[in-house]
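# Coordinate analysis (summary)
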Amino acid sequence: MKSKHQHNFDSLTKRIGKFHLQNKTVLIPEMNRIAAHLIAATFRSFGSNAMVLKTYKGLDLGKKYTSGKECFPCQVTLGDLLLFLKTEQEKLGAAFDPENYLYFLPESDGPCRFGMYNKFQRMVLDSFPGLDRVKIVSITTTDGYSLEGVIEHDRMLAFRKASYIAVVVADIMERLLWRIRPYETHEGITDDFIESSMRQMESFFETHAAANDFGRILDKLEEITKNGRTLIDPAIPTKPLIGIVGEIFLRMHVQSNQDVIRVLERHGAEVVNSSLAEWVNYITYGQLRENKINFRLNLKQLNFGRLKHHLQKIIGFGGDLFYQEMRQKQFYNRANRLIDFEHDHKVGHLEKLLRKEDIFTFDVTTETCLSIAAILQFVKEGYNGVVN
């Protein structure tokens, strides 16, 4: 696989966007291992052939086709994609058809360079013969990760609900891992248990997600939690509690952060990492917040034509946030009845905390808002330390 180093900038609009997933193999990069697998299972439940890319094996390729000035996650995800396509090309030979694959890479607006990953990776793909035909599916924070054009309109709501539940369940399973492993009865038993549980939950999502049968998924989570509780040695004393905040990919991608949670555990700590659902809630909260601000501004300007638009957005995003937080609380409470692990932060509370301390503002946007506020909240909750 040799690069021609030729770029066609038309592809930034023609081959990045919202493409329908039907009859394609959807390639999902791994950021959070459990979440990636449960989201892939959700895609499969809705009829898409989705798979999670093996991660960190193609880092040399990622570095080869980047300058080193990019964010590290850009190198990791690019390497994962290039290695998969290279391997597929070698395995299938003449039968390899780049148009059979869709690379799923969301984006965000604002100053974070994450919004440029898909553009840069598009240019890299275009430099290889044939790989210019691999399209990149991109949903964006600008419209709250709308799925319009990606799946059938009448299934969008069901998919949004199911994918959010996948994120919440993944967060809880990770919290089980971090709660149990420092106190496990035998070394290594928790890792094996969570891996097995992830595979079981993956099967449940593939079977039940499309029908939004969350009761069965909730029952399965309760079963996993009950089984996990038996792995805790009550004779081991409580350990110092450490919170983790920071850039979402690096704090969640185990290989990229050199398995920092396990390192802290080896030094005698119990660790809690900020969740993925917190970010999803933050996106919804941000859209709600922005439309409230614009509504008030247009009301002052007597711009009645825009008032209706922003009011509709407020109702829509407000309903989304209510549903997300309601479901998140439901799943956390069910598992918390069996094992006492840390609940997630509510984004609205984090903003109030920043306002009270008057040290930062949600007006700036990006993950910095969550990180600074989460540090303050960890301190309030009596954590013994924070890693950023």
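Further up the page is the structure itself.
As a starting point, this report considers the structure included with it. (Residues numbered from 1 in each chain as written. Predicted model: local features only at pLDDT ≥ 70, side-chain atom pairs only at ≥ 80, totals over all residues. Heavy atoms only, no water.)

## Comments concerning the sheet that holds strand 3 (residues 49-52)
- Judged by pairing direction, the sheet is parallel, and its five strands sit side by side in the order 1-5-4-2-3 without closing on themselves. Looking at the sheet topology across the chains shown, the edges are occupied by strand 1 (16-17) and strand 3.
- By the bridge criterion, two bridges tie strand 1 to strand 5 (residues 135-137) in an arrangement that is parallel. Within the sheet, the bridge partner assigned to isoleucine 16 lies in strand 5 and is isoleucine 136. (Pairing = 2+ DSSP bridges. Helix = DSSP H or I, 4+ residues; strand = E, 2+ residues; numbered from the N terminus.)

## Some details on the sheet that holds strand 6 (residues 241-244)
- Taken together, three strands build an open sheet; the order of strands is 7-6-8 and the sheet is parallel. The sheet terminates laterally at strand 7 (270-273) and strand 8 (385-387), the two strands that pair on one side only. The average undirected angle you get between the axes of adjacent strands in this sheet is 25°.
- Relative to strand 7, strand 6 runs parallel, the two being bridged by four bridges. Considered in strand 7, the bridge of isoleucine 242 is made with valine 271. (Axes fitted to C-alpha atoms, helices over the stretch in contact; angles between N-to-C directions.)

## Regarding the pairing of strand 6
- What you see with strand 6 is no split at all: Leu241 and Gly243 on one side and Ile242 and Ile244 on the other are buried throughout.
- Strand direction decides the pairing type here: strand 6 and strand 8, joined by three bridges, are parallel. Bridge pairing in strand 8 links isoleucine 242 to glycine 385. (Buried < 20%, exposed > 50% of the residue type's maximum accessible area, 1.4 Å probe, protein only.)

## A closer look at helix 5 (residues 117-126)
- Most of helix 5 sits inside the fold, with seven of its 10 residues counted as buried.
- All buried positions along helix 5 are accounted for by Tyr117, Asn118, Gln121, Arg122, Val124, Leu125 and Asp126.

## Focus: the pairing of strand 2 (residues 25-28)
- Burial of the side chains of strand 2 extends over both faces: Thr25 and Leu27 are buried on one face and Val26 and Ile28 on the other.
- Two strands pair when backbone bridges link them, and strand 2 and strand 3 are joined in this way by four bridges, in the parallel orientation. Looking at the pairing, isoleucine 28 lines up with valine 52 of strand 3.
- You can see the chain leave strand 2, run along helix 2 (residues 33-45) and come back into strand 3, and the turn it takes is right-handed.
- Note: strand 2 against strand 4 (residues 101-104), three bridges, orientation parallel. What sits directly across from threonine 25, in strand 4, is tyrosine 101. (Right-handed = clockwise from strand over helix to strand, strands pointing away.)

## Quick notes on unusual backbone geometry
- Phi angles above zero are rare outside glycine, and aspartate 259 is one such case at about 55°.
- Take aspartate 259: it is sitting in the loop between helix 9 (248-252) and helix 10 (260-266).
- Within the chain, threonine 366 stands out as a residue other than glycine whose phi angle is a positive 70°.
- Judged by relative accessible area, threonine 366 falls into the buried class, the value being 17%.

## Observations regarding the nonpolar core
- Counting residues in each nonpolar core, the largest one holds 84 residues, and the members touching the most others are Val169, Ile172, Met201, Phe205 and Phe331.
- For this core, the leading source of residues is helix 6 (residues 156-180), giving 17 residues.
- Ignoring anything within four residues of it in the chain, the contact list for valine 169 reads Leu38, Met201, Phe205, Ile217, Leu221 and Phe331.
- Among the nonpolar cores identified, the runner-up in size contains 22 residues, and Ile16, Cys74, Leu78 and Val124 belong to it. (Core = buried A, V, L, I, M, F, W, Y, C linked by side-chain atoms within 4.5 Å. Contact = heavy atoms within 4.5 Å.)

## A word on helix 6
- When the terminal C-alpha atoms of helix 6 are compared, their 36 Å separation across 25 residues agrees well with the 36 Å that a helix rising 1.5 Å per residue should span.
- Of all 25 residues in helix 6, 22 are buried, a share of seventy percent or more. (Expected span 1.5 Å × (residues − 1).)

## Some remarks on the packing of helix 8 (residues 214-229) against helix 12 (residues 304-336)
- Where helix 8 contacts helix 12, the axes come no closer than 9 Å and their chain directions differ by 35°. Helix-helix and strand crossings are classified by hand; for helix 8 and helix 12 the assignment is right-handed. Every residue of helix 12 that contacts helix 8 at Phe214, Ile217, Leu218, Asp219, Leu221, Glu222 and Thr225 is listed here: Tyr323, Arg327, Gln330, Phe331, Arg334 and Ala335. (Left-handed = near helix turned anticlockwise from the far one by under 90°.)

## Topic: a nonpolar patch on the surface
- Together, Leu299, Leu302 and Phe304 give the surface a local cluster of nonpolar side chains, amounting to about 330 Å² of exposed area.
- By secondary structure assignment, the location of phenylalanine 304 is in helix 12. (Patch = residues over 30% accessible without salt bridge, like charges linked within 9 Å, V, L, I, M, F, W, Y side chains within 5 Å. Areas by Shrake-Rupley, 256 points an atom, 1.4 Å probe, with all protein chains shown as cover. Salt bridge = Lys/Arg side-chain N within 4 Å of Asp/Glu carboxyl O.)

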